[in-house]
Amino acid sequence: DVKVTQSSRYLVKRTGEKVFLECVQDMDHENMFWYRQDPGLGLRLIYFSYDVKMKEKGDIPEGYSVSREKKERFSLILESASTNQTSMYLCASSPTAGTLTYEQYFGPGTRLTVT
Amino acid sequence: AQKVTQAQTEISVVEKEDVTLDCVYETRDTTYYLFWYKQPPSGELVFLIRRNSFDEQNEISGRYSWNFQKSTSSFNFTITASQVVDSAVYFCALSGINAGNMLTFGGGTRLMVKP
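Quick caveat, the model's predicted, so the values are computed rather than measured.

Trainee: Which residues make up the overall build of chain B, and what values go with them?
Mentor: Helix and strand counts for chain B come out as 0 helices and 12 strands. Here the C-alpha atoms of chain B give a radius of gyration of 14 Å, agreeing with the 13 Å that 2.2 N^0.38 yields for 115 residues. Taken over the C-alpha atoms alone, chain B extends approximately 45 × 25 × 20 Å along its principal axes. A burial count over chain B gives 45% of its 115 residues as buried. A separation of at least 24 residues holds for 57% of the contacts in chain B among residues at least 6 apart in sequence. Of the roughly 5,500 Å² of accessible surface on chain B, 48% is carried by carbon and sulfur atoms. In chain B, which carries 10 positive and 12 negative side-chain charges, the distance between the mean positions of the two groups comes to 2 Å.

Dropping the structure here:
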């Protein structure tokens, strides 16, 4: 079974703090994703990585950065956390096979509260 | 641009009733993939089904069935004889061939099945 793990289930940070959310997958997937989930808005893509050290902006990248130094690990960084970044953050991974799009496998999520 | 609309934000049914969750999508790609995910109260998204745009056959898996209609750009999901364990948020998602493995999610439908 594919396993995607996230470093914390719940996190409380103060405004202005630098926040790191870590995600690890164990299936050697090329693609990794970070989403945020807010009520009524579904999941919105923040950043996407299709290979080590490669990244692409998603729909809402402002206020976030990412790092992928190893294939299995994809980190989301909030440089200076703000209250409007309070949300559920979900990490996902998927394999690549030419132009086919495969299902993404999700981690359990990190509920971040910024006070 | 891609868009997925799940017009039903919340549905409440009594156990053993049948329920259909609607999904309407927009894409300019002629080749695309459609997905359904389930998010139970634990928070982790669970993959249910992936269909490509060339396969319009309906699919049945136990109590679950999916109706893909290209003519109306819809990919609806029906649960037959619903059970309390079906209570969750359900997301429909789309990935066009030019989207590079990125999914666009609908806003989700919260299904509550009462005993």
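Trainee: Summarise the environment of threonine 80 of chain B; cite the residues concerned and give the values.
Mentor: Residue and element names in this part refer to chain B. Within the fold, threonine 80 resides in the loop between strand E9 (74–79) and strand E10 (88–96). On the basis of relative accessible area, threonine 80 is assigned to the partly exposed category, the value being 34%. For the pair formed by threonine 80 and lysine 16, sequence separation is 64 residues and the distance between their alpha carbons is 7.4 Å. Discounting chain neighbours no more than four positions away, the residues touching threonine 80 are Glu17, Asp18 and Arg63.

Trainee: Provide a residue-level description of the interface of chain A and chain B, including the pertinent values.
Mentor: Interface extent is often summarised as the accessible area lost during association of the parts. Listed as interface residues are 23 residues of chain A and, on the opposing side, 20 residues of chain B. Summing both partners gives a buried area of about 1,800 Å² for chain A against chain B, and 54% of it is carried by carbon and sulfur. Connecting chain A to chain B are 0 salt bridges. Counting across the interface, chain A meets chain B through 3 residue pairs in polar contact (both at pLDDT 80 or more). Of all elements in the fold, only strand E4 (31–38) and strand E5 (42–51) of chain A reach the threshold of two or more residues within the side of chain A that touches chain B. The residue inventory of the side of chain A that touches chain B, partitioned by class, reads 12 nonpolar, 9 polar and 2 charged.

Trainee: Kindly report on the side chain of arginine 51 of chain B, identifying the contributing residues and their values.
Mentor: Residue and element names in this part refer to chain B. As for its placement among the helices and strands, arginine 51 is situated in strand E6 (residues 46–52). A polar contact of 2.9 Å, which involves the side chain of arginine 51, links it to the side chain of aspartate 55. A distance of 2.6 Å separates a polar side-chain atom of arginine 51 from the backbone oxygen of glutamine 57. When residues no more than four places from it in sequence are discounted, the contact partners of arginine 51 are Tyr32, Tyr33, Leu34, Glu56, Gln57, Asn58, Glu59 and Phe75.

Trainee: Could you give an account of the sheet that holds strand E1 (residues 4–6) of chain A, with specific residues and numbers?
Mentor: Residue and element names in this part refer to chain A. Pairing is antiparallel in the open sheet, where 4 strands are placed in the order E1-E3-E8-E7. Every other strand in the sheet has two partners, leaving E1 and strand E7 (64–70) as the edge strands with one partner each. Here the strands of the sheet are splayed against their neighbours by 20° on average, with no regard to which way each runs. Relative to strand E3 (residues 19–25), E1 runs antiparallel, the two sharing 3 bridges. Bridged to threonine 5 within E3 is valine 24.

Here is what the cut-offs are and how they apply
Residues numbered from 1 in each chain as written. Chains lettered and ligands numbered in written order. Predicted model: local features only at pLDDT ≥ 70, side-chain atom pairs only at ≥ 80, totals over all residues. Heavy atoms only, no water. Helix = DSSP H or I, 4+ residues; strand = E, 2+ residues; numbered from the N terminus. Rg over C-alpha atoms; globule rule 2.2 N^0.38 Å. Buried < 20%, exposed > 50% of the residue type's maximum accessible area, 1.4 Å probe, protein only. Contact = heavy atoms within 4.5 Å. Areas by Shrake-Rupley, 256 points an atom, 1.4 Å probe, with all protein chains shown as cover. Lys, Arg positive; Asp, Glu negative; His and termini not counted. Charge placed at Lys NZ, Arg CZ, Asp CG, Glu CD. Buried area = accessible area lost by both parts, 1.4 Å probe. Salt bridge = Lys/Arg side-chain N within 4 Å of Asp/Glu carboxyl O. Polar contact = N/O pair within 3.5 Å; in protein donor to acceptor, adjacent residues only side chain to side chain. Nonpolar A, V, L, I, M, F, W, Y, C, P; charged D, E, K, R; others polar. Pairing = 2+ DSSP bridges. Axes fitted to C-alpha atoms, helices over the stretch in contact; angles between N-to-C directions.

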